[in-house]
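# Structural features, examined
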Amino acid sequence: PARTPRAPAPQVLEDFGPFLRSEGEEGEGPVLSLGHWVAMLDPAAPRHFSIASAPSDDPGSLELCAAEVVERTRYGRTFRGLCTGHLARLQPGDAAPLWIRPGSFARATASPNAVWALGNGTGVAPLRSVLRERMAARR
C-alpha cells in the first residue's frame, strides 16, 4: 500500500493554521490550547552527513557535501529541509553545532593499492574524502 509521509507539526499548522484558533481568540473553528500545540511537536531527529574533506586538507575545518531539500507541499507551500536549509543559509565563518562519529574508511586511505569504491547509499562525500586523503598521501 502507498504511504503518505507524516508531515511535521509546524508544516501542518502552517497549512491548516487559518482554520484553527487559540483560546480567547474570536472566530470559528476548533480551539487549540497551548498544551495541544506543544503536544503536536515532535523533537527533531538528528541529521547525519558524511564529511567530504580529508583529514590532511585543513585540520581546523571540515567540508560537507549536501543538497538543500526544497519541495512544494500539495497546498503549494515551499518546504525547505530543516537541516539542509539551515546549512544553505550559513555564511563563511558561521559556526554550526555538530558531532563527529568515527568512520569506517581507515583501511581504504592507508592502503597503497588500488581501491574499488562504490557509493551505494552513502553518496559521494565519503568517497571524496578517501580520494582526497589518498592524493595527499602520494604527494
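These numbers were taken from a predicted model, which means no experiment stands behind them.

## Quick look at the overall build of the chain
Counting secondary structure elements, the chain contains five helices and four strands. Helices (α) and strands (β) of the chain occur, in sequence order from the N terminus, as α-β-β-α-β-β-α-α-α. Every one of the 139 residues in the chain was classed for burial, and the buried ones make up 17%. For the chain, the proportion of contacts with a sequence separation of at least 24, taken over those separated by at least 6, is 46%. Surface summary for the chain: the accessible area is close to 11,300 Å², and the carbon and sulfur share equals 58%.

## Quick notes on helix 5 (residues 125-138)
With 14 residues, helix 5 extends 20 Å from end C-alpha to end C-alpha; this agrees with the ideal 20 Å at 1.5 Å per step. Restricting attention to buried positions, one finds in helix 5 the residues Ala 125, Pro 126, Leu 127, Ser 129, Val 130, Glu 133 and Arg 134.

## As for the side chain of Glu 133
By secondary structure assignment, the location of Glu 133 is in helix 5. One buried charged side chain, Glu 133, makes no salt bridge at all; its nearest oppositely charged neighbour is Arg 132, positioned 8.1 Å away. Side chain to side chain, Glu 133 and Ser 56 meet in a polar contact 2.8 Å long.

## Observations regarding the pattern of salt bridges
Counted according to the given criterion, the structure contains four salt bridges. One salt bridge connects Arg 128 with Glu 63, and the closest N-O pair in it is separated by 2.9 Å. You can see Arg 128 sitting in helix 5 and its partner Glu 63 sitting in the loop between helix 2 (34-40) and strand 3 (70-72), a full 65 residues away along the chain. The partly exposed category is assigned to Arg 128, whose relative accessible area is 32%.

## Here we look at the environment of Met 135
Note on placement: Met 135 falls in helix 5. Looking at Met 135, the relative accessible area reads 49%, which means it is partly exposed. Sequence separation between Met 135 and Ala 54 is 81 residues; the distance between their C-alpha atoms is 9.7 Å.

## What about a nonpolar patch on the surface?
Where nonpolar side chains cluster on the molecular surface, the patch consists of Ile 51, Leu 62, Leu 64, Leu 98 and Ile 100 and spans about 420 Å² of accessible area. Topologically, Leu 98 is positioned in the loop between helix 3 (82-89) and helix 4 (106-110).

## Side note on the environment of Asp 57
With respect to the helices and strands, the residue Asp 57 is situated in the loop between helix 2 and strand 3. Take Asp 57: its relative accessible area is 32%, and that puts it in the partly exposed class. Sequence separation between Asp 57 and Arg 132 is 75 residues; the distance between their C-alpha atoms is 8.0 Å. Only 2.9 Å separates the side chain of Asp 57 from the side chain of Arg 132, close enough to count as a polar contact.

The rules behind each value
- Residues numbered from 1 in each chain as written.
- Predicted model: local features only at pLDDT ≥ 70, side-chain atom pairs only at ≥ 80, totals over all residues.
- Heavy atoms only, no water.
- Helix = DSSP H or I, 4+ residues; strand = E, 2+ residues; numbered from the N terminus.
- Buried < 20%, exposed > 50% of the residue type's maximum accessible area, 1.4 Å probe, protein only.
- Contact = heavy atoms within 4.5 Å.
- Areas by Shrake-Rupley, 256 points an atom, 1.4 Å probe, with all protein chains shown as cover.
- Expected span 1.5 Å × (residues − 1).
- Lys, Arg positive; Asp, Glu negative; His and termini not counted.
- Salt bridge = Lys/Arg side-chain N within 4 Å of Asp/Glu carboxyl O.
- Polar contact = N/O pair within 3.5 Å; in protein donor to acceptor, adjacent residues only side chain to side chain.
- Patch = residues over 30% accessible without salt bridge, like charges linked within 9 Å, V, L, I, M, F, W, Y side chains within 5 Å.

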